[in-house]
Amino acid sequence: MYSDILAPHHSRLEALRAAADHAARAIPPAFPLTATVAVNPFLGQAGEDLATAANRLARVAGIRVTPARKHYAKGLAKGDITDADLSSALAASKSPLRPLDLAGLKAALGVEPAAPSAQPTIATLAQNLTGTDWNAVIEKCLGLWAAGHFDRGQALWLPTPCQGAYAAWREWAINDLTPEIAGLRGFCAHVAAAPDTAERAILRAADRLGLTEEAAPMAFHRLLSDLGGWAQHARFLLWQAELEGESDTTLLELLAIRLVWEEALLAHAPEVGAAWNKVVAAHARPVAPTADAVIDAILQDAAERAHQRRLAGCLSTSQAGPRGRPALQAAFCIDVRSEVLRRALESLDPSIETLGFAGFFGLPLAHRAHGTDALDSHLPALLKPVLTVSSHAAEGAESAFRVAARGKRAWGRFRQAAVSSFAFVEAAGIGYGAKLLCAALGIQGADHAAGQLPRFELPLPVTAKADIGAKVLVSMGLTANQARLVLLVGHGTQVTNNPHESAYHCGACGGHSGEVSARVLADLLNDAEVRRELAARGMPLPADTLFVAALHVTTTDEVRLFVDTAAPSHAGDLARARAWLATAGAMTRMERATRLPGATAGTVARRALDWAELRPEWGLAGCAGFIAAPRTITRARDLGGRCFLHSYDWTTDKDFKTLELILTAPVVVASWISLQYYGSTVAPEVFGAGDKQLHNVVGGFGVVTGNGGRLRTGLPLQAVHDGVAFAHEPLRLSVLVEAPTEAMDDILARHPAVRALFDNGWLHLLALDKGIVVARYRQGLSWERVATLEAA
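Just so it is clear, the structure is predicted and the values come from calculations on it, not from any experiment.

A. Structural view of the overall build of the protein chain. A count of helices and strands for the protein chain gives 29 helices and 20 strands. For the protein chain, whose C-alpha radius of gyration is 28 Å, the value lies close to the compact-globule estimate of 28 Å for 792 residues. Overall, the protein chain is about 85 × 75 × 55 Å in size when its C-alpha atoms are taken along their principal axes. Here the protein chain, with 792 residues, has 54% of them falling under the buried criterion. Contacts spanning at least 24 positions in sequence make up 72% of the contacts within the protein chain whose residues lie at least 6 apart. Accessible surface for the protein chain amounts to roughly 32300 Å². Of this, 57% is attributable to carbon and sulfur atoms. Computed over 75 positive and 79 negative side-chain charges, the separation of the two mean positions in the protein chain equals 3 Å.

In structure tokens form, the structure reads like this:
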């Protein structure tokens, strides 16, 4: 990974190179605010089970990775968790450290283990000795520099561009007197005398700090964890580079910077040397689960088994679906928020049929939006775009739009510039006060006008379009009995004054609205030449079937239709669909209002326009299940908006290619979402973004608390907490698939990274047969046959 800058000159350098790579891989990436993608914060620990990861993260970050035991005790007292759940989880544990029996496990519920404490850095040891909060000094100095260095266009004045992180920091730190004012005399000279490259700085620091080859991986991980979101942003830069077949050294350079600080503090407080040697020895010890971590992992498994039992009791064993030709088919994104709307819509008429499919609709798109040449990826973060579409208008209109956009940006610069910002109020006059009043009252208008239809920048041959259409139709199960009107429903959000807006958009669309993918696919499937090609391949579409793209606005539950293909013959169908969608939206708002603090069915939609609203919606809070099966087993079943629902019929899946796609893409994306909510709930101090009310946007890519310091990543507190208690129940995702276990084994055997998630318990996998859970996946491509799981 770092071959360009850490050439293997000798074995120690090679060992340090491997240690740096190991530490870098242990850090999760943090995507920028413009396209926030939910990330599994335990991504670097996917090769370990929960108890082992608990020990590692306790040592490097000082956090727990499971809720407090009183959480499980409360569930047991309420009857949500039963003795049977505890017994089955205990029996499933293979650890020699597990309690001997159920009585021992229940006794542990009343004994809360001590809060974990991370191994100290030299900064912490020096702080204890001198009384100066060196961690705060480092956080402030590094945060101030990093905000400018990584800026994506927010700042008006920037430091020297086109420099690597380490070189840019040295140039900054040589002139930053903050550490010396705090008492770290000679720091500027120390930085000036530091090696001129990051790899040399790491090698020198490792020698001066006495880091052995055994201790280096954990020591490096500890320091990168100390950098918080800045390290995660650098990990994102590496992630993006590797998608393009390249590499990036920013994370390594941040490690070098943090090591230079450690060197300086050891020289400043040499008395901590003996204590530091003990820390180095502790870093060298292997990572192994403790007895308390094993107990916590068993309790967490029991809570998840309890949820699986309740979920299994909600499923239908009926195989009967709508008869005859549907009056309306609507393919929704599998996002858990669509479960409520789909259930409401289907309740209006038995001839309405809904499907679930990943919100990018299988299109590997990059999109060039109206008024910009920048490309945005509209597909899961795991994948790389293959096709480019553009929403540019005709040349004259496009130019006029860009001129207007430049004027708007100039006005924004005027408001923010160092001098003109003071005169802004006088220059804007009372007219701007009226605008502020309208915004404060939430009465500003929203622009719902459809933009330009996205089109392929390089025209595709009909055969290529037909290939795309055929693959999508097969994967969606839409190869026969299509309705006259088929809606392709992506989803997006509408919020005001919310830096985390993209986090509410579609994760399968790379943190963007699903509108682009839905409109491109609808246009492709309505193309007469494409239909003739599909018919020639034995996949005819009815002549009267019209595909229409739509957008489910999750804050208001409005569904907007994009009728890009003129179809006067379908005017009645469209009017009826709009009426159904409006009614279903009202029903959905009524259900959601019971969960949102201070909301009523009549006020839910207005939260989207309130610039002071902390919780415009709950997003995916509560997500706990993923079901890939025919809709018949979940139709008319209230799953509480907690399940990702993917339509799938294994009997029509030739060679199980669709099943492979589901397990390796949507399931992994859903696991990232689930585990981000999990991490932001159990360890909000590290994996959460903190209180929204204290946030300031920095660099256009992230937020900090207050006026600087550590970059905060993950979900804001208000996204998982209602002000009194957590609104999200921290459960690892339970994946229920109606398919032969042999087929799933074959797929997992060919995808070791996905298999690791199941083998190590970051995901649960259960097999269904006609809506009944019949088997549970166990480590090593083995299955445990289970009796029917019944509702409590």
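B. The arrangement of the state of the cysteines in detail. Scanning the entire structure with this criterion turns up 0 disulfides. Cysteine 188 supplies the cysteine sulfur nearest to cysteine 141, a cysteine that is in no disulfide, at a spacing of 9.6 Å. In this structure cysteine 643 is a free cysteine whose sulfur lies 8.2 Å from that of cysteine 314, the closest cysteine sulfur available. Of the residues examined, cysteine 643 reaches a relative accessible area of 1% and is grouped as buried.

C. Representation of the side chain of threonine 36. Along the chain, the position of threonine 36 falls in the loop between α1 (11-25) and α2 (50-61). Residue classification places threonine 36 among the buried positions, given a relative accessible area of 16%. Side-chain polar atoms of threonine 36 contact the backbone oxygen of leucine 33, separated by 3.4 Å.

D. Region of interest: the side chain of glutamine 676. One can find glutamine 676 in helix α26 (residues 666-682). Judged by its relative accessible area of 12%, glutamine 676 falls in the buried class.

E. Highlighting the sheet that holds strand β18 (residues 764-769). Ordered in space as β11-β10-β17-β18-β19-β20, the 6 strands form an open sheet in which the pairing is mixed. A strand with exactly one partner marks an edge of an open sheet, and here the two such strands are β11 (643-647) and β20 (782-785). Across the sheet, the axes of successive neighbouring strands diverge by a mean angle of 25 degrees, strand direction being ignored. As paired elements, strand β10 (residues 625-629) and strand β17 (residues 734-737) share 4 bridges and run parallel to each other. Each residue of the ladder has a partner; that of isoleucine 627, found in β17, is leucine 736. Sitting on the sheet, helix α29 (residues 752-759) is in contact with β17, β18 and β19 (772-778), with an inclination near 105 degrees to β19.

F. View of the environment of lysine 770. Residue position: lysine 770 is located in the loop between β18 and β19. On a C-alpha basis, the gap between lysine 770 and glycine 511 in space is 35 Å, while along the polypeptide they are 259 residues apart.

G. Here's a closer look at the pattern of salt bridges. According to the stated counting rule, one finds 48 salt bridges in the structure shown. When the shortest N-O distance is used, the salt bridge between arginine 69 and aspartate 296 registers 2.7 Å. Linking arginine 69 in helix α3 (residues 69-78) with aspartate 296 in helix α16 (residues 291-314), this pair joins segments that are 227 residues apart in sequence. Overall, arginine 69 belongs to the buried group, its relative accessible area being 1%. For glutamate 617, the salt bridge goes to arginine 337, with nearest N and O atoms at 2.8 Å. Pair noted here: glutamate 617 is in the loop between α24 (571-593) and β10 and arginine 337 is in helix α17 (residues 337-346), with a separation of 280 residues, a long-range link. Per residue, the accessibility class of glutamate 617 equals that of arginine 337, and both read buried. Shared partners join several salt bridges into a network, and the residues in it are Arg64, Arg69, Glu112, Asp292 and Asp296.

H. The arrangement of the packing of aromatic side chains in detail. Summed over the entire model, instances satisfying the criterion amount to 15 aromatic pairs. Grouping aromatic residues by their ring pairs yields a cluster made of Phe42, Tyr678, Phe687 and Trp762.

I. Structural view of the sheet that holds strand β13 (residues 695-698). The strand order across the open sheet built from 3 strands is β13-β14-β15, with neighbouring strands paired in antiparallel fashion. Two strands lie at the open edges of the sheet, namely β13 and β15 (711-712), each paired on one side alone. Alignment of β13 against strand β14 (residues 702-705), held across 4 bridges, turns out to be antiparallel. Bridged to asparagine 696 within β14 is valine 704.

J. Structural detail: empty space enclosed by the protein. A full pass over the atoms with the stated rule returns 8 cavities of 30 Å³ or more. Reported here for the largest cavity is a volume of approximately 550 Å³. Contributing to the lining of the largest cavity are 45 residues, with Thr36, Val37, Ala38, Val39 and Gln676 lying nearest its centre. Secondary structure elements with two or more residues in the lining of the largest cavity: α13 (229-243), α26, β14 and β15. Counting residues per element, the lining of the largest cavity draws most heavily on α26, at 6 residues. By residue class, the composition of the lining of the largest cavity is 30 nonpolar, 13 polar and 2 charged.

Each value, and the rule that gives it
Residues numbered from 1 in each chain as written. Predicted model: local features only at pLDDT ≥ 70, side-chain atom pairs only at ≥ 80, totals over all residues. Heavy atoms only, no water. Helix = DSSP H or I, 4+ residues; strand = E, 2+ residues; numbered from the N terminus. Rg over C-alpha atoms; globule rule 2.2 N^0.38 Å. Buried < 20%, exposed > 50% of the residue type's maximum accessible area, 1.4 Å probe, protein only. Contact = heavy atoms within 4.5 Å. Areas by Shrake-Rupley, 256 points an atom, 1.4 Å probe, with all protein chains shown as cover. Lys, Arg positive; Asp, Glu negative; His and termini not counted. Charge placed at Lys NZ, Arg CZ, Asp CG, Glu CD. Disulfide = S-S within 2.5 Å. Polar contact = N/O pair within 3.5 Å; in protein donor to acceptor, adjacent residues only side chain to side chain. Pairing = 2+ DSSP bridges. Axes fitted to C-alpha atoms, helices over the stretch in contact; angles between N-to-C directions. Salt bridge = Lys/Arg side-chain N within 4 Å of Asp/Glu carboxyl O. Phe/Tyr/Trp six-rings, centres within 6.5 Å; stacked < 30°, edge-to-face > 60°. 1 Å grid on protein atoms, 1.4 Å probe; cavity = no way out; pocket = protein on both sides within 12 Å on 5 of 7 lines; lining within 4 Å. Points joined across faces, edges and corners; volume = space filled by probe spheres on them. Nonpolar A, V, L, I, M, F, W, Y, C, P; charged D, E, K, R; others polar.

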